[in-house]
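Secondary and tertiary structure notes
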Amino acid sequence: MDKTKVLVVFLIFFIPQLRLISQGKDLVSVSQETQVLSKGSKSIFKCDIYYNKEKDVIVTHHYYPAEFVKMSNRFGELKIYFPRTNTVTIQQNQSLSTTNELLYYFINNKQSDLGLSKEGFKLTGSTREEGLMVTIWQAPVSIKVIDHIKIVFNDMQPVYAEYMGVDGTIKKKIYYSRYTDYKFFTIPLRITEISFESKSDSTIRLSVFSNVRTNDFPDNNYFNFKIPDDAKISK
Amino acid sequence: MKKIIFLSLVFALTAMFCNNAKASGYTADDRLVDEMFAKAPEAVNPFLTDFTSSAISTTAMASGSKDAAVALILDFFLGGFGIHRFYLGTEVMTGIGYILTCGGIFGIVPIVDFIELIINYNDISRYVNNPKFFMWN
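Residues numbered from 1 in each chain as written. Chains lettered and ligands numbered in written order. Predicted model: local features only at pLDDT ≥ 70, side-chain atom pairs only at ≥ 80, totals over all residues.

Let us now look at the environment of Leu-114 of chain A. All names here are of chain A. Secondary-structure assignment places Leu-114 in the loop between α2 (102-107) and β7 (122-129). Residue classification places Leu-114 among the buried residues on the basis of 20 C-beta atoms within 10 Å. With 13 residues separating them in the primary sequence, Leu-114 and Glu-101 have C-alpha atoms 9.5 Å apart. Every residue in contact with Leu-114, bar those within four places of it in the chain, is listed here: Tyr-105, Ile-151 and Pro-158. (Helix = DSSP H or I, 4+ residues; strand = E, 2+ residues; numbered from the N terminus. Buried ≥ 20, exposed ≤ 12 C-beta atoms within 10 Å, placed from the backbone. Contact = placed C-beta atoms within 7 Å.)

And the structure:
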């Protein structure tokens, strides 16, 4: 066999392998279970998230308590498809872009400010506290209810966020924990969020992520999910 | 000598406790949170039961072709962007207000919207085409 034939055979077999390796890096799926505790009772929500890094497309398959599929892209196009009624809701707004989703920041290793600078927040101070980095982000003038946000980092990963209102009361606390390293990114598998509606009332939202996969997707079509052509548009 | 060692030990333990006490302000008590969720009953609301039933489009949930279950889902997952308000019908500025206040005053308004939608699940007509930022007002 001459060199050309060897090269052709090599390319035929090797190039698809490269493509597969690349796809493995670009595709991430995560299962999410969220519980909300409010006024003494809880609500549970479950979904699987499919993120195509290359296209910046996120497909979320919600299956409990109701089934629907949410699709969004970097341009802020959002489609929500309800299989049971075969209807779709469409919205377009830059704030709905996948680049504003929490998972985007962690998977793309952009968790240094959690998107606050993009929203007009300015870093006004940082201190070291017991081995942790404490940063203060001043809210832009357009946000009238919040004065600043404190974000605490441990080993460059956010572990705590605190939203301080202009009235001097804490509006929200978020705890990021159970950080787990994957090959190309690190994400918190548990996020606890406490919103304070009043002095005596609060809501707790607990999100637990599991089943994080980066390259093994047997028979999964949600990465290429398409809304049926005959779906009715809900206005 | 023993006294010095004892005092050093006490100092070290105190310092360790203080460090943990300070650091604990930035970590949630997972056990306590899990206990609270374990003890709480799952909300029995139409959202959790009717959405999967076949009667969804024939009951009183729909108001002017707006479905309360859909509004609830949109509020829960996309409430910070005011998508449920767009779905129910509102002014463009209302949605922008949600975004400018970082998700409706940092997610508080969508939570109140969520509770209001659950309470008034059988008749959401007052929230349809409602131009106010606080739809319950």
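What follows deals with the interface of chain A and chain B. With 39 residues of chain A at the interface, the matching set in chain B holds 36 residues. Looking at side-chain class alone, the side of chain A that touches chain B contains 18 nonpolar, 14 polar and 7 charged residues. (Nonpolar A, V, L, I, M, F, W, Y, C, P; charged D, E, K, R; others polar.)

Let's shift gears to the nonpolar core. Counting residues in each nonpolar core, the largest one holds 47 residues, and the members touching the most others are Phe-68 of chain A together with Ala-71, Leu-72, Ile-73, Leu-74 and Leu-117 of chain B. In terms of residue count, helix α4 (residues 68-78) of chain B provides more of this core than any other element does, 10 residues in total. By size, the runner-up hydrophobic cluster in this structure holds 19 residues, among which are Trp-137, Ala-139, Ile-149 and Tyr-176 of chain A. (Core = buried A, V, L, I, M, F, W, Y, C linked by C-beta atoms within 7 Å.)

Quick look at the environment of Gly-82 of chain B now. All names here are of chain B. Positionally, Gly-82 belongs in the loop between α4 and α5 (83-88). When the 30 C-beta atoms within 10 Å are taken as the criterion, Gly-82 is described as buried. As a C-alpha pair, Gly-82 and Ile-124 span 42 residues in sequence and 16 Å in three-dimensional space.

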